[in-house]
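Spelled out, the chains give:
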Amino acid sequence: MTFSPLPMTKKTIKIGTRGSKLALWQAETVKSELEKAHPKLQFELKIIKTKGDKILDVALSKIGDKGLFTKEIEQALYDNNIDLAVHSLKDLPTELPENLIVGGMLKRAEVRDVFISKDGRKLANFTANDKIATSSLRRQAQLLHYNPELQIVDIRGNVETRLKKMNDGHCDALIMAGAGILRLGYDEVITEFLDTDVMLPAVSQGAVAIEIREDDERIQLLVDAITDEMTRSTTLAERSLLRELEGGCQVPVGCYSEVNGDIIKLTGMVASLDGKVRICKSVESSLEEASENAIELAQLILGAGGKEILDSIRPSPID
């Protein structure tokens, strides 16, 4: 990709986003924070449809995850049709296209996954007769590790679509990211928050990222004013772990950060798809050394059998 020439002046700063309710909530929140920090400037949203939004009848793990929900938005950055892009950070590949960077991020929200059942039963009460829906290999692997008798079925679509599918009989329960459910105001459908001992979240789950052009100093300064530094530190460490594991959105890798003062405990996990093997390791370090220690954690996991697991299940993308 190559950049289009920048215009000499810009009256309105354009924010690129997907068009789902959750994506729009995130983009609107970024827009609101930017308007508060820079009241003399104008900001507007530009909705862009991605490959992941267009293919709804194929499991995510079979599509291939590199830029699945980001590529078209990133092209708009290259073409100078937008000035910054808003994503769920967990959707961003750890290796970004040349000359694009994560310029900032909002304060992280709830990191845990939530269990949503049709009849109010908790996960511990589910049996081999029940179906749990998820599009995530990470969730599937950990569910089967927790209870190998569970039936796991695939599901795609936004929050509303998934809830409707459950109520129409597609499944008896759903597992989704708690942050998205809370952001959309669906608190009442949550049956329980899943403990991280049962379900480690995705890398960077709950964080909203702002992607910009690397050389755009003006936009970087605007974004700096709304960036949460603690979120930046913890998620950069988690992404370092994922990068070292050479994982993506559609591999069974989980991560969780706990911060106490200036000490961070980073826990990482790789599991086999059938749940029979779940390798979970932790390291502690100062926040300043978190990214370096995340690489050490990745090596511990790979050396304990994680490499063999990941090599055996890496997806083969379709055309």
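In what follows, the structure referred to is the one given above.
Everything numeric in this text was worked out from a predicted model, so none of it was measured.

1. Let's talk about the overall build of the protein chain
And then number 1: Across its full length, the protein chain holds 10 helices and 13 strands.
And then number 2: The 319 residues of the protein chain split such that 52% are buried.
And then number 3: Taking as baseline every contact in the protein chain between residues at least 6 positions apart, the subset at least 24 positions apart corresponds to 69%.
And then number 4: Here the protein chain displays about 14800 Å² of accessible surface, and carbon together with sulfur accounts for 48% of that area.

2. Considerations on the packing of aromatic side chains
And then number 1: Counting across every chain of the model gives 1 aromatic pair.
And then number 2: Cation over ring: arginine 121 sits above phenylalanine 126, and NZ or CZ is 4.3 Å from the ring centre.

3. Considerations on the nonpolar core
And then number 1: Ranked by internal contacts, the top residues of the largest apolar core, which has 23 residues, are Leu241, Leu245, Val253, Leu266, Val270, Ile301 and Leu310.
And then number 2: Broken down by secondary-structure element, the contributors of at least two residues to this core are α9 (229-245), β11 (253-260), β12 (263-271), β13 (278-286) and α10 (290-313).
And then number 3: For this core, the element with the most residues is α10, which contributes 9 residues.
And then number 4: If we skip the residues at most four places from it in the chain, isoleucine 301 touches Leu241, Leu245, Gly268, Met269, Val270, Ile279, Lys281 and Gly306.
And then number 5: Of all hydrophobic cores here, the second largest spans 16 residues; its members include Val30, Leu84, Val208 and Ile226.

4. Structural notes on the environment of glutamine 26
And then number 1: Looking at the secondary structure, you find glutamine 26 in helix α1 (residues 21-37).
And then number 2: Residues glutamine 26 and serine 88 lie 62 residues apart in sequence; the distance between their C-alpha atoms is 8.0 Å.
And then number 3: With residues up to four places along the chain from it excluded, the contact list for glutamine 26 reads Val86, His87, Ser88, Arg183 and Val208.

5. Observations regarding the pairing of strand β4 (residues 100-105)
And then number 1: Among the 6 residues that make up β4, 5 are buried, leaving the element largely enclosed by the rest of the structure.
And then number 2: Where β4 lies against strand β10 (residues 208-213), 5 bridges are found, and the strand directions are antiparallel. Bridge pairing in β10 places glycine 104 opposite isoleucine 210.

6. Some points on the pattern of salt bridges
And then number 1: In the structure shown here, the tally under the stated rule is 16 salt bridges.
And then number 2: Salt-bridge contacts for arginine 18 lead to aspartate 91; the nearest nitrogen and oxygen are separated by 3.9 Å. A residue pair is termed long-range when its members are at least 10 positions apart, and arginine 18 in the loop between β1 (12-17) and α1 and aspartate 91 in the loop between β3 (84-88) and β4 qualify at 73 residues.
And then number 3: Ionic pairing is found between arginine 121 and aspartate 130, a salt bridge with its closest N-O pair at 3.0 Å.
And then number 4: On the basis of relative accessible area, aspartate 130 is assigned to the buried category, the value being 7%.
And then number 5: Beyond isolated ion pairs, a larger network of salt bridges with shared partners links Asp83, Arg213 and Asp216.

7. Considering the sheet that holds strand β2 (residues 42-47)
And then number 1: Reading across the sheet, the 5 strands line up as β2-β1-β3-β10-β4 and stay open at both edges, with mixed pairing between neighbours. The open sheet terminates on both sides in strands that have one partner only, identified here as β2 and β4. With direction set aside, neighbouring strand axes in the sheet form an average angle of 35°.
And then number 2: Sheet strands touched by α1: β1, β2, β3 and β10. Its angle to β2, the strand with the most contacts, is close to 165°.

8. Some points on the packing of α9 against α10
And then number 1: Where α9 meets α10, the axes come as close as 8 Å, and the angle between the chain directions of the two elements is 35°. Relative to α10, α9 is oriented so that their crossing is right-handed. Counted together, Leu236, Ala237, Ser240, Leu241, Glu244 and Leu245 of α9 and Ala290, Ser291, Ala294, Ile295, Leu297, Ala298, Gln299, Ile301, Leu302 and Leu310 of α10 form the full contact between these two elements.
And then number 2: Split by residue class, the contact of α9 with α10 holds 12 nonpolar, 3 polar and 1 charged.

9. Topic: the sheet that holds β11
And then number 1: Here we have 3 strands laid out as an open sheet, ordered β11-β12-β13, and antiparallel in their pairing. In this open sheet, the two strands that pair with only one neighbour each are β11 and β13. The sheet shows a mean angle of 15° between the axes of neighbouring strands, direction not considered.
And then number 2: With 8 bridges joining them, β11 and β12 adopt antiparallel strand pairing. The residue of β12 that forms the bridge with asparagine 260 is isoleucine 263.
And then number 3: Across the sheet, helix α5 (residues 137-146) touches β11, β12 and β13, and the angle it forms with β12 is around 80°.
And then number 4: Packed onto the sheet, α9 meets β11 and β12 and runs at close to 145° relative to β11.

What counts and what doesn't
- Residues numbered from 1 in each chain as written.
- Predicted model: local features only at pLDDT ≥ 70, side-chain atom pairs only at ≥ 80, totals over all residues.
- Heavy atoms only, no water.
- Helix = DSSP H or I, 4+ residues; strand = E, 2+ residues; numbered from the N terminus.
- Buried < 20%, exposed > 50% of the residue type's maximum accessible area, 1.4 Å probe, protein only.
- Contact = heavy atoms within 4.5 Å.
- Areas by Shrake-Rupley, 256 points an atom, 1.4 Å probe, with all protein chains shown as cover.
- Phe/Tyr/Trp six-rings, centres within 6.5 Å; stacked < 30°, edge-to-face > 60°.
- Lys NZ or Arg CZ within 6 Å of the ring centre and 35° of its normal.
- Core = buried A, V, L, I, M, F, W, Y, C linked by side-chain atoms within 4.5 Å.
- Pairing = 2+ DSSP bridges.
- Salt bridge = Lys/Arg side-chain N within 4 Å of Asp/Glu carboxyl O.
- Axes fitted to C-alpha atoms, helices over the stretch in contact; angles between N-to-C directions.
- Left-handed = near helix turned anticlockwise from the far one by under 90°.
- Nonpolar A, V, L, I, M, F, W, Y, C, P; charged D, E, K, R; others polar.

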